[in-house]
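Take a look at the letters that make up each chain.
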Amino acid sequence: MSQSVSRYCIASPVGILADTHGLLRDEALELLEGCELILNLGDVGNKNEDKTILERLSLMAPVHCVRGNIDTADWAENLPMCQDIIVNDRRLHLVHRLEDFVPTTSCDAVLHGHSHKPRNERQADRLLFNPGAAGKRRFKLPITLGKLWVDERGVRGAIIHLPL
């Protein structure tokens, strides 16, 4: 069964976050204000109350989320493992673990999480983008999220450090 692809035509940046692990910081919400679309790249949380993270984000803008390896609670069962979103005629491929990305997938950007390490790198004709982790700190990695600008020039991203 094929999955329908959501399409958006927007003027503002796309908010990108991953690896909240049950913690949605007020600073992240402030930085996502004004985004017309929010993409969550998984590891939202593994408790039933962690679904409120997606509910809170959906009050700001439409939200699309893929399932992360810790998203094991009942509410996460229906989250897809990967998803394609078309924004301003550019195809964005969402996946939690980059190793689960199929390289023959046609897309302008691969958006992934899992490692907690921010990444904003062009590889051949596509952007590889990991917003880092917006929730609980892991090791000494920064607390970050991302924004994407999608227009006639292509897909460009920025990693944003949360002001903690």
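Just so you know, these numbers come straight off a predicted model, no measurement behind them.

**Regarding the sheet that holds strand 2 (residues 14-17)**
In step 1: In space, the five strands of this open sheet follow the order 4-3-2-10-11, with mixed pairing throughout. Either end of the sheet is taken by a strand with one partner, and the two such strands are strand 4 (63-65) and strand 11 (154-161). On average, each strand axis in the sheet is inclined to that of its neighbour by 20 degrees, with strand direction left out of account.
In step 2: Pairing geometry for strand 3 (residues 37-40) and strand 4, over three bridges, is parallel.

**Digging into the sheet that holds strand 6 (residues 90-95)**
In step 1: One open sheet holds the six strands; their spatial order is 1-5-6-7-9-8, and the pairing between them is mixed. A strand with exactly one partner marks an edge of an open sheet, and here the two such strands are strand 1 (6-8) and strand 8 (119-123). Across this sheet, the average inter-strand angle for adjacent strands is 20 degrees, counted without regard to direction.
In step 2: Note that strand 1 and strand 5 (residues 82-87) share three bridges and pair parallel.

**A few points about the pairing of strand 11**
In step 1: Two elements, strand 10 (residues 144-151) and strand 11, share eight bridges in a ladder whose sense is antiparallel. When the sheet's bridge partners are listed, G146 is paired in strand 11 with I159.
In step 2: As consecutive antiparallel partners, strand 10 and strand 11 are separated by two residues.

**A look at the side chain of Q83**
In step 1: Along the polypeptide, Q83 turns up in strand 5.
In step 2: Exposure remark for Q83: the relative accessible area of 10% places this residue in the buried category.
In step 3: A polar contact is formed between the side chain of Q83 and the side chain of H64, at a distance of 3.1 Å.

**Notes on the pattern of salt bridges**
In step 1: For the coordinates displayed, the defined rule picks out six salt bridges.
In step 2: D84 serves as the salt-bridge partner of R91, at 3.7 Å between the closest nitrogen and oxygen.
In step 3: For R91, a relative accessible area of 26% translates into the label partly exposed.
In step 4: In this structure, R97 engages D100 in a salt bridge whose closest nitrogen and oxygen atoms are separated by 2.9 Å.
In step 5: Overall, the relative accessible area of 38% leaves D100 in the partly exposed class.
In step 6: One connected set of salt bridges, linked through shared partners, spans R97, E99 and D100.

**Some thoughts on the environment of V155**
In step 1: Note that V155 resides in strand 11.
In step 2: Setting aside anything within four residues of it in sequence, one finds V155 in contact with R90, L92, D108, A109, R122, L127, L148, W149 and V150.

**Section: the UniProt feature "domain: Calcineurin-like phosphoesterase" (unreviewed entry) in the protein**
In step 1: UniProt's feature table lists "domain: Calcineurin-like phosphoesterase" (unreviewed entry) at residues 14-147, given in the numbering used throughout.
In step 2: What you have in residues 14-147 is 11% helix and 30% strand, and the ends, taken at the C-alpha atoms, are 5 Å apart.

About the cut-offs
Residues numbered from 1 in each chain as written. Predicted model: local features only at pLDDT ≥ 70, side-chain atom pairs only at ≥ 80, totals over all residues. Heavy atoms only, no water. Pairing = 2+ DSSP bridges. Helix = DSSP H or I, 4+ residues; strand = E, 2+ residues; numbered from the N terminus. Axes fitted to C-alpha atoms, helices over the stretch in contact; angles between N-to-C directions. Buried < 20%, exposed > 50% of the residue type's maximum accessible area, 1.4 Å probe, protein only. Polar contact = N/O pair within 3.5 Å; in protein donor to acceptor, adjacent residues only side chain to side chain. Salt bridge = Lys/Arg side-chain N within 4 Å of Asp/Glu carboxyl O. Contact = heavy atoms within 4.5 Å. UniProt positions renumbered as here; feature names shortened; annotations may be inferred.

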